[in-house]
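# Chains, contacts and geometry: an overview
Next come the chains, spelled out residue by residue.
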Amino acid sequence: MSFVSFLSFGQDKKVDEVLNKWKDSFNKQDYKSAYDLYTLGYKQRVTLEDVTEQMKRAYGMMGKLKSIRFISYKDYVYKYVFYAKTNHIEGDVSIVVSKDYQLGYLKFDRIGGTGDPPKMAN
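### Thoughts on helix α4 (residues 48-62)
Taking 1.5 Å per residue, 15 residues should reach 21 Å; α4 reaches 21 Å between its end C-alpha atoms and fits that length. Regarding α4, the residues found buried are V51, T52, Q54, M55, A58, Y59 and M62. The arc that holds every buried residue of α4, seen down its axis, measures 165°, which confines them to one face. Residues of α4 that are exposed and point over 90 degrees away from its buried face: E49 and K56. The positive-phi residue at the C-terminal boundary of α4 is G63, with phi of around 75°.

See below:
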């Protein structure tokens, strides 16, 4: 294994650790703990209330998350699919992670799937 491959593996593992912490907070609807995973720069631009609102909408459409699968990495943006525990709902997600392994942002690009349509957010 080359040094570059080893570094990439280590970085992906740390990103996965941050996402798993975020997923645990999301599933518990503990939005403050999720917000604590974001960078200071993000927190200076986006309030806890804004993040809470976004996460509540996503939770209302997906419910608890079962798993997260890595899709790709390009230009500092990671792409993942989040899978709901029930109803075959999936969310396509884009994230940026700082060099300190904090979330620069996390955005749901799409929520859908093969199950019943999710409830519409108010």
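### Comments concerning the nonpolar core
Among the nonpolar cores identified, the biggest contains 30 residues, and W22, M62, F82, I95, L103, L106 and F108 are the most heavily contacted of them. Mapped onto this core, the elements with two or more residues apiece are α1 (3-28), α2 (31-35), α4, β2 (77-84), β3 (89-97) and β4 (103-113). What W22 contacts, discounting residues up to four positions off in sequence, is A34, L37, Y38, M55, L65, F82, L103, L106 and F108.

### Things to note about the sheet that holds β4
Here four strands make up an open sheet; going across it, the order is β1-β2-β3-β4 and the pairing antiparallel. The outermost strands of the open sheet, each flanked by one partner alone, are β1 (65-74) and β4. The average undirected angle you get between the axes of adjacent strands in this sheet is 20°. Along the sheet face, α4 touches β1, β2, β3 and β4 and points at about 30° away from the line of β4.

### What to know about the packing of aromatic side chains
Here the distance between the centres and the angle between the planes together describe a pair of aromatic rings. Tallied over the full model, the rule gives 10 aromatic pairs. Ring geometry for W22 against F26: centres 5.1 Å apart, planes inclined by 20°, an arrangement best described as stacked. Remark: F26 and W22 occur in helix α1; sequence separation between them is four residues, near one turn of the helix. In this structure, W22 and F26 share a single accessibility class: buried. In this structure an aromatic cluster arises from ring pairing among W22, F26, Y59, F82 and F108. Taking the ring centre of Y35 as reference, the NZ or CZ of K43 above it sits at 5.6 Å.

### Focus on a nonpolar patch on the surface
A cluster of nonpolar side chains, namely F70, Y73 and Y76, defines an oily patch on the protein surface of about 370 Å² accessible area. With respect to the element layout, Y73 can be found in strand β1.

### Digging into the confidence of the model for the protein
Mean pLDDT over the protein works out to 86, with 84% of the residues at or above the 70 mark. Here α1 stands out as the least confident element of the protein, with mean pLDDT 74; α2 is the most confident, with 97.

Procedures and definitions
- Residues numbered from 1 in each chain as written.
- Predicted model: local features only at pLDDT ≥ 70, side-chain atom pairs only at ≥ 80, totals over all residues.
- Heavy atoms only, no water.
- Helix = DSSP H or I, 4+ residues; strand = E, 2+ residues; numbered from the N terminus.
- Expected span 1.5 Å × (residues − 1).
- Buried < 20%, exposed > 50% of the residue type's maximum accessible area, 1.4 Å probe, protein only.
- Arc of directions from axis to C-beta.
- Core = buried A, V, L, I, M, F, W, Y, C linked by side-chain atoms within 4.5 Å.
- Contact = heavy atoms within 4.5 Å.
- Pairing = 2+ DSSP bridges.
- Axes fitted to C-alpha atoms, helices over the stretch in contact; angles between N-to-C directions.
- Phe/Tyr/Trp six-rings, centres within 6.5 Å; stacked < 30°, edge-to-face > 60°.
- Lys NZ or Arg CZ within 6 Å of the ring centre and 35° of its normal.
- Patch = residues over 30% accessible without salt bridge, like charges linked within 9 Å, V, L, I, M, F, W, Y side chains within 5 Å.
- Areas by Shrake-Rupley, 256 points an atom, 1.4 Å probe, with all protein chains shown as cover.
- Salt bridge = Lys/Arg side-chain N within 4 Å of Asp/Glu carboxyl O.
- pLDDT = per-residue confidence, 0-100.

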